[in-house]
Each structure stands twice: as structure tokens, then as C-alpha cells.
Amino acid sequence: MPDLAHHARQLRTVADALEAHFDATTDPLAPHPDTLDLINGRHTSRGQINYAVPGALQIQRRIRRYHADHGMQHGDIVALALDVFLRAKGYPPDLHPEA
């Protein structure tokens, strides 16, 4: 049977590097700086999205409450939430499309 100790050490090194990079103090829900720049930009073009979501989740009510508590516009709340989710799943936006 082959000795796999060397490979195990290499995997541990990679895992340690990843753990150090994604340290526990990093907020996984923190918005990406590029997304914040877009949302805070005055001349950012916007598009409408319309999806049916389960009523039991009370998404609209929760968005209204968050807006009331923090003053963030409804569309910005949705944009940040979806952007964080999609980036985490490996679907970042192409913010610099080629001309």
C-alpha cells in the first residue's frame, strides 16, 4: 500500500492556508466592496426583478422592517442579499465587461 503521508501533509497545509484566509472574524454576509460602490453610486442604472417567493418567509414585511430600522432602500437590500448569496455560490458578477 502506498505511503500517502506526504499528500496528507500537503492537504493539511492547503487547509491551514484556507482557514487563515477565511478567518472566523470575517463576516460571511459582508457586502463586496464593488457591490457597495455600485449601490452607493448616483448614476447606477437599475433593472426590475420580480419573483414569487413563499409567503411564509414574510420577505416583503422583513424588507420593510429592515428599511425602517436602517434606512436602506428596498432595492438595495435585495441587491446586497442576492449578490452575497450568488458570490458565495461561485457566481460573481462581471463588473468590467469588455467593450
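Residues numbered from 1 in each chain as written. Predicted model: local features only at pLDDT ≥ 70, side-chain atom pairs only at ≥ 80, totals over all residues. Heavy atoms only, no water.

### Some remarks on unusual backbone geometry
Moving on, step 1. In this structure, Q58 is a non-glycine residue whose phi angle is positive, near 55°.
Moving on, step 2. Counting through the fold element by element, Q58 comes out in the loop between helix 2 (33–40) and helix 3 (59–70).
Moving on, step 3. Using a relative accessible area of 39% as the deciding quantity, one classes Q58 as partly exposed. (Helix = DSSP H or I, 4+ residues; strand = E, 2+ residues; numbered from the N terminus. Buried < 20%, exposed > 50% of the residue type's maximum accessible area, 1.4 Å probe, protein only.)

### Focus: a nonpolar patch on the surface
Moving on, step 1. Together, I49, Y51, V53, L57, I59, L82, F85, L86 and Y91 give the surface a local cluster of nonpolar side chains, amounting to about 920 Å² of exposed area.
Moving on, step 2. Considering each element in turn, the nonpolar patch owes the most residues, three residues, to helix 4 (residues 74–88).
Moving on, step 3. Residue position: F85 is located in helix 4.
Moving on, step 4. The class of F85 is partly exposed, set by a relative accessible area of 46%. (Patch = residues over 30% accessible without salt bridge, like charges linked within 9 Å, V, L, I, M, F, W, Y side chains within 5 Å. Areas by Shrake-Rupley, 256 points an atom, 1.4 Å probe, with all protein chains shown as cover. Salt bridge = Lys/Arg side-chain N within 4 Å of Asp/Glu carboxyl O.)

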